[in-house]
Amino acid sequence: MSGRSSSIKPWGAGVALLLFAAGGAVFWSLPRSNIPEFRSVQAEWIPSDAYLLDRNGEVIHEQRVDFSARRSPWMPLRTFSPALVKAILAAEDRRFHDHGGVDWRAMAVAAWETLGGRKRGASTITMQLTALLDQRLARHGGGRSVRQKLGQIGAARKLEHRWSKDEILEAYLNRVRFRGELEGVPATALGLFGKEASGLDEAESVLLAAILPSPNVGTARIARRACAIAKAADFPLDCGDLERRAEVALTHVERPPPAIALAPHLARQSLKKRGEKVRTTLSAPIQRRAIQALEQQLRGLKGRNVRDGAALVVDNHGGEVLAYVGSAGPDSRARQVDGVRARRQAGSTLKPFLYALALEKRYLTAASILDDSPLDLETRTGLYVPQNYDRDFKGRVSVRTALAASLNIPAIRTLILVGLEPFHERLWNLGYRGLTQDGEYYGYSLALGSGEVSLWEQVNAFRTLANGGLTSPLHWLADDAPGEPRPLIDPRAAYIVGSILSDRSSRALSFGLDNPLTTRYWSAVKTGTSKNMRDNWCIGYSEHYTVGVWVGNFEGDAMHEVSGVTGAAPAWLEIMNGLHADLPSRPPAPPEGVIGRRIRYADALEPEREEWFVAGTELAEVTAPEAPTPRIETPADGMIIALDPDIPARNQKLILRARPARAGISFFLDGRPVGPAEAPVKWSPEPGGHVLKLMDDRGRTLDLVKFQVRGMR
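Conventions and cut-offs
- Residues numbered from 1 in each chain as written.
- Predicted model: local features only at pLDDT ≥ 70, side-chain atom pairs only at ≥ 80, totals over all residues.
- Heavy atoms only, no water.
- Buried < 20%, exposed > 50% of the residue type's maximum accessible area, 1.4 Å probe, protein only.
- Helix = DSSP H or I, 4+ residues; strand = E, 2+ residues; numbered from the N terminus.
- Contact = heavy atoms within 4.5 Å.
- pLDDT = per-residue confidence, 0-100.
- Core = buried A, V, L, I, M, F, W, Y, C linked by side-chain atoms within 4.5 Å.
- Pairing = 2+ DSSP bridges.

> Go over helix α4 (residues 82-92), please, and point to the residues and values.
For α4, the buried fraction is high: nine of the eleven residues fall into the buried class. Next to the buried residues of α4 lie α6 (125-133), α8 (165-175), α9 (185-193), α10 (202-211) and α11 (219-232).

Below you can see the structure in the form of structure tokens.
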């Protein structure tokens, strides 16, 4: 033994010492991986999306905010498709559940084949995961160095001691990188196949597994690899079909739309940081119902040039927004426009606030008589001749009928009583902040909704009526505290206006008894249609909710014969019915200072009924004031009109006007009919003396004037 020992050459000991020193140097220079806890890796994974939540924590919108990579939320292992897990293991690590982090058998085979000139990987899923967790172990450029490989082996063995197999596989599936911007199986499943990783079938699973080793190779190679994986996983798949499906999946990789997209306009306002979750006051079921109601109505109006719609649902008590649909409609050309905030002409929807102001000031009661007959008003821009929506006039009507049936001329007469500036100030205080000019700028047409308003403003203004005249801001973020209510409208006037807006029989004069404004529970509602049918509105409230709907076209082109009742109202009714499927809505109790009286009209103008009055204005019998006899306003009796020789005769017209103008009266000039006097008549003057008569439909002369026209010289 000693002789054999003494035979060792000194240089051999030196070589051994050098090898030992070199091995030690390599060992001590290996990257020292600090293996993190599984839960910390899970917690540090931040998806590229941010999330809008409803009031109960349900996701109602996903929005991508990080475009450097696409990452989906972390998925637990149990939620992945079983076919996918089987395919990944068959492709990447068949003995995953048997080794301790390193598959030595696979490494030996890989080393042998490398010596033979063929490259073959032998990294286990655990080893691949260590490179995902520690960038020092990741492959850069031409592959891993020996030093990195040894470090990866050491880290994999440590990882297997710290984590369970399920944790390793779960982390791998969530973090493994694929082609392009896709990171993790959940994002890749959406990007390639448009579905969640929980729903991948066998063919999709093997294709996804086939992409892993070389994400950017051609579809033919991936299809061949997928076919081999299918055989290894014992999936009965046709290789030709796999090639076709690979072609479709890999040539149409795109950024998938959000899996949940119920509130895009609010999401754009609030979601800024990846992974953040913003809780709102919205209710996911109510939001879905509002979207469905609008889309269904817009599909029905497709043939009438209606493309867009918006809806807003709020809780009356606290002002929380329950549904916010900024845009709906399968044919919309401008989905990015927020129809809740965009301002459009209000139509007749402002009338309730006009009459409430008149009731407050005691200029009118709900039983007062207004004249719905032709009216023309001198304004600074010319003659203003308002018309009713149906181009008809109803004669003398009560305030209740005028508001419920949305008659225009009585509203103009009420505005004359109230005054332009007081009405404009009331609208401004209600929150209509688009009315930036003074009342004189809008003129009498303000009563008919010529000003531009938003659905957000409309709904909160009607909510003020629902709350008995108390106003407070709306809010849609869960962390925002409700605003402090403040009185704005006299609660007595608010109650009486609500009574009118809920009156089906008074509404019937214009809308009939069977219409989408009629609910089986108590509700108050008003429609509006802007000039040339560009906008439809329907806003109304119940005991608990205020709902507003707008339909039209964001580009501003007119709809074809669509009114508030046929356009916005059916969607309003569908939303409101859904809210009250199992919830009653009771009429409000009259506030202090409101008195109910049985009234009759002396001339039976309207049927007897129960009516509400502000205390001190009540009466039992209503006597309509005697209507003034129409007179000829122009030309005046004895007028001499001289024609100007420098102006073409066709451009010189004489206006024949009666006041008050109303239906059933006509002009007769020199014994010949000229036309109805319910609106001004233009007449081409003829030299000579003339007699102009104003006659009723019974042939009686109501007024007569004589005038002369002197010819050109």
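Resuming the write-up.
> Explain the confidence of the model for the protein chain residue by residue, including any values.
Mean pLDDT over the protein chain stands at 87; residues scoring 70 or higher make up 88%. Contacts for the low-pLDDT stretch residues 1-9, under 50 throughout, to residues beyond four places or in other chains number zero contacts.

> A description of the nonpolar core should follow, citing residues and the corresponding values.
Leu312, Phe353, Phe423 and Val549 are the most contacted members of the largest nonpolar core, which has 114 residues in total. Beyond its immediate chain neighbours, meaning those up to four positions away, Leu312 contacts Val321, Ala323, Tyr324, Val340, Leu455, Trp456, Val459, Leu474, Thr546, Val547 and Gly548. Residues Ala155, Ile222, Cys227 and Ala249 belong to the second largest nonpolar core, which totals 60 residues.

> Could you give an account of the pairing of strand β6 (residues 308-315), with specific residues and numbers?
Summarising burial for β6: eight of the eight residues are buried, a large majority. What you see with β6 is no split at all: Asp308, Ala310, Leu312 and Val314 on one side and Gly309, Ala311, Val313 and Asp315 on the other are buried throughout. Summarising the sheet, β6 and strand β18 (residues 545-552) pair through eight bridges and their orientation is antiparallel. If you follow Ala310 over to β18, its bridge partner there is Trp550. Here β6 pairs with strand β7 (residues 321-328) via five bridges, running antiparallel. Bridge pairing in β7 places Val313 opposite Ala323. The turn joining β6 and β7, which pair antiparallel and follow one another in sequence, is formed by five residues; a positive phi near 80 degrees is taken by Gly319.

> Tell me about unusual backbone geometry, and name the residues and values.
Here the amide bond leading from Thr634 into Pro635 is cis, since omega sits at 0 degrees, within 30 degrees of zero. With respect to the element layout, Pro635 can be found in the loop between β22 (631-634) and β23 (640-642). Geometrically, the link from Arg659 to Pro660 is a cis peptide bond, its omega value of -10 degrees lying close to zero. Here Pro660 shows up in the loop between β24 (654-659) and β25 (665-669). Here Ser406, not a glycine, exhibits a phi torsion of approximately 55 degrees, which is positive. Counting through the fold element by element, Ser406 comes out in the loop between α16 (399-404) and α17 (408-418). In this structure Ser406 comes out as buried when scored by relative accessible area, which is 11%. Despite not being glycine, Glu561 shows a phi value in the positive range, around 55 degrees. Structurally, Glu561 is set in the loop between β18 and α23 (569-579). In this structure Glu561 comes out as exposed when scored by relative accessible area, which is 60%.

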